[in-house]
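Observations on chain architecture
The primary structure of each chain is shown beneath.
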Amino acid sequence: MKQATIPEKPLASSPRREILKLDRKPAASTVPAAPRVQIVPSAPRLIPLGQLRRAPENVRHTRSDEALEEMADDIAAHGLLQSLIGYDGNWPEDQDLSFIVGGGRRLGGMLINRTRGLLDDTFLVPVLIRSQEEAIELSLAENLQQRTMSPVDEFLGFKRLLQNGGRSPADLAKRFGFSERVVKQRLRLAELVPEVLNALAERQITLDAAMAYATSQDPVLQLEVFENQTKRGRTAHDPAGIRHSLRMKGLDTADPLFRFVGPEIYARDGGTYEDDLFNEPGKDRVLAQPFVLETAANTMVDFQAMRLLEELKANDAWAPTIVGYVKVPTLRLHSFGTVEKLRPPVGFVMVERADHAKLWRTVRNNGFNVHVVVGIDAEGQLIADPRFAFVPIAQRAAIDRPALVEVAADREREAAAHREREIIRWSRRLAVGPFAGTPFEGRVFWPEASSDRQLPSNIAGVDGFMVGMQVFVPADQVPAYRKAAISKVDQMIAARGNA
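In this numbering scheme, every chain counts its residues from 1 along its sequence in written order. Given that the model is predicted, a residue must reach a pLDDT of at least 70 before its local features are reported, and side-chain atom pairs must reach 80 or more before they are shown or counted; all residues, however, enter totals for whole chains, interfaces and linings. Processing note: side-chain calculations cover all non-hydrogen atoms of the structure and skip hydrogens and water entirely.

**Some thoughts on the sheet that holds strand 7 (residues 348-352)**
Whether parallel or antiparallel, the strands of a sheet pair through hydrogen bonds between backbone atoms. In this scheme, strands are said to pair when DSSP sees at least two bridges between them. Helix and strand definitions follow DSSP, with helices as H or I runs of at least four residues and strands as E runs of at least two, each counted in order from the N terminus. Across the sheet, four strands lie side by side as 6-8-9-7; this open sheet has mixed pairing. The outermost strands of the open sheet, each flanked by one partner alone, are strand 6 (322-332) and strand 7. Strand after strand, the sheet turns through a mean of 40 degrees between neighbouring axes, direction not considered. Sheet analysis places strand 8 (residues 370-376) next to strand 9 (residues 382-392), joined by five bridges and oriented antiparallel. Residue Val-373 lies in a different strand from strand 9, and its bridge partner there is Asp-385. Contacts: residue pairs with any heavy atoms within 4.5 Å of one another. Here, axes are lines fitted to C-alpha atoms. For helices the fit covers the stretch in contact, and angles between N-to-C directions go from 0 to 180 degrees. Running at roughly 150 degrees to strand 6, helix 13 (residues 290-313) makes contact with strand 6, strand 8 and strand 9 of the sheet.

Here it is as structure tokens:
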């Protein structure tokens, strides 16, 4: 077959370059010569089309057949405008072949032109030959710069480089100009079950949805939630719904929250378990009402956190100026801390320090009011994470100073202001009246100062303050009031209906 002539054009990626004569001797000078830089040649090699194969490592795994006919037409009309990227075969059976990792669609377009009779196997194709690892990296870099590759191809490209190159996420981040966190996210997404990756590649789900599925590393759980989400029609694959489903379906008796709450309280509040007929003896039981567990855990955390704060304030490793706490949204604290977004109290900002001893020493020495981060650890215990603290916004910069100069006058003014605030608070509390001899005796508890807002109010033309207090109700007294509660609720529902 006669080789067809395709109009040739300069390669778009081969700008005009000057030739540097690096072997020229430098002129005599007292200034030391600059070190010689080794530049890797970028000239492509011309390889017959019949010796080219699409490499299994090609970073474009998805939609590889997209618009191949249009690509073939463009090559026939304008020629091949850009070199391919590949590596030489290194096995005896493929030593005469070259494998393409960058330019799979261009290769596909030329193969279509071969079937059309416009080309034959002797057509010379410019290929930039590199080692296998370098070829993969160049192909990924080229596609990232074009911003046209599928997210799935990007994930799998990073995974392939990590597996083949023996590099760390930090190495890849530096090579491609990403943060290490972004590279780690790509690698986590590459581990999604194939069904989720295929759905993303086919644009059936969004990237946000894929990221939601990646919050779980359990492939069985990912697939189960994915299949259930697919049946939801218009609301399918909503990121918030995916995260919620993953969290709910994964709850069993091994969960830290269950260890914290305990089987007695879970059962008391109406919690049951999934069918155990096919479970092995001793296997962790799946919770049928995970919301019951979440509700009970939230209530218990709020109740026990007050006692925990008192213990921390008395601990020399923490600070006596702890004024409150912030719960982790899912209530679970891990060894690495938390990846969840924590909402700071009004007027405060979060600081995170690996050297938490220094953090808390600074807090103690300067008397900063702080909130701690609390949650349940892997053993089911309520703890505070010393690596996090919420400090007043005005004191944020002071935490980062290497040393602080304490001014006695400022500390005295702060102490005086704190004393005055406490006097005002307790004046209002004591004005509530004595509880001795009343049903409230021994059952009223004052909230922490940070949650005692004491809002101004006006009732019947009289100015005053709404003073909050907490009243303890013994559990064994509650059932006696159920009948009255039913009547009260029914009256409230009827009143709303009439309105």
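So much for the structure itself; the text now carries on.
**With respect to the pattern of salt bridges**
Salt bridge, as used here, is a side-chain nitrogen of Lys or Arg placed within 4 Å of a carboxyl oxygen of Asp or Glu. Applying the stated criterion across every chain yields a total of 12 salt bridges. In this structure, Asp-255 engages Arg-332 in a salt bridge whose closest nitrogen and oxygen atoms are separated by 3.2 Å. Of this pair, Asp-255 sits in the loop between helix 10 (239-249) and helix 11 (256-261) while Arg-332 sits in strand 6, and the two are 77 residues apart along the sequence. The burial state of Asp-255 is the same as that of Arg-332; both residues are buried. As a salt-bridge pair, Arg-332 and Glu-294 come within 3.9 Å of each other at their nearest N and O atoms. One end of the pair, Arg-332, is in strand 6; the other, Glu-294, is in helix 13, and 38 residues separate them in sequence. The buried label applies to any residue whose accessible area, calculated with a 1.4 Å probe on protein chains only, is under 20% of its type's maximum; exposed applies above 50%, and partly exposed to all values in between. Given a relative accessible area of 10%, Arg-332 falls into the buried group. A single network of salt bridges, built from pairs that share partners, joins Glu-69, Asp-73 and Arg-116.

**Section: the sheet that holds strand 5 (residues 124-129)**
The five strands lie next to each other as 1-5-3-4-2, forming an open sheet whose pairing is mixed. With partners counted over all chains shown, the strands left at the sheet margins are strand 1 (45-48) and strand 2 (52-54), one partner each. Pairwise comparison of adjacent strand axes, ignoring direction, gives a mean angle of 50 degrees for this sheet. As defined by bridge partners, strand 3 (residues 84-88) adjoins strand 5 across three bridges and the pair is classed as parallel. Pairing of Gly-86 across the sheet is with Ile-129, part of strand 5. The strands touched by helix 2 (residues 104-115) within the sheet are strand 2, strand 3, strand 4 (98-102) and strand 5, with strand 2 carrying the most contacts at an inclination of about 125 degrees.

**Notes on a nonpolar patch on the surface**
Grouping into patches uses exposed residues only, defined as over 30% relative accessible area, and leaves out salt-bridged ones; the cut-off is 9 Å for like charges and 5 Å for nonpolar side chains (Val, Leu, Ile, Met, Phe, Trp, Tyr). Here the Shrake-Rupley method, with its probe set to 1.4 Å, supplies the accessible areas, and only the displayed protein chains count as covering residues. Among the surface-exposed residues, Val-432, Phe-440, Met-469, Val-471, Val-473 and Val-478 lie close enough to one another that they form a single nonpolar patch of about 450 Å² accessible area. Looking at the element boundaries, Val-473 is found in the loop between strand 13 (470-471) and helix 17 (482-498).

**What about the packing of helix 9 (residues 219-230) against helix 10?**
Across the interface, helix 9 lies against helix 10 with an axial gap of 10 Å and an inter-helix angle of 130 degrees. Judged on the interaxial angle alone, helix 10 and helix 9 are oblique. The interaxial crossing formed by helix 9 with helix 10 has right-handed handedness. From helix 9, Leu-221, Gln-222, Glu-224, Val-225, Asn-228 and Gln-229 reach across to helix 10, where they touch Gly-241, Ile-242, Ser-245, Leu-246 and Lys-249. Just so you know how the angles are binned, under 35 degrees is roughly parallel, over 145 roughly antiparallel, 65 to 115 roughly perpendicular, and the rest oblique. By definition, turning the near helix anticlockwise from the far helix through less than a right angle yields a left-handed crossing, and turning it clockwise yields a right-handed one.

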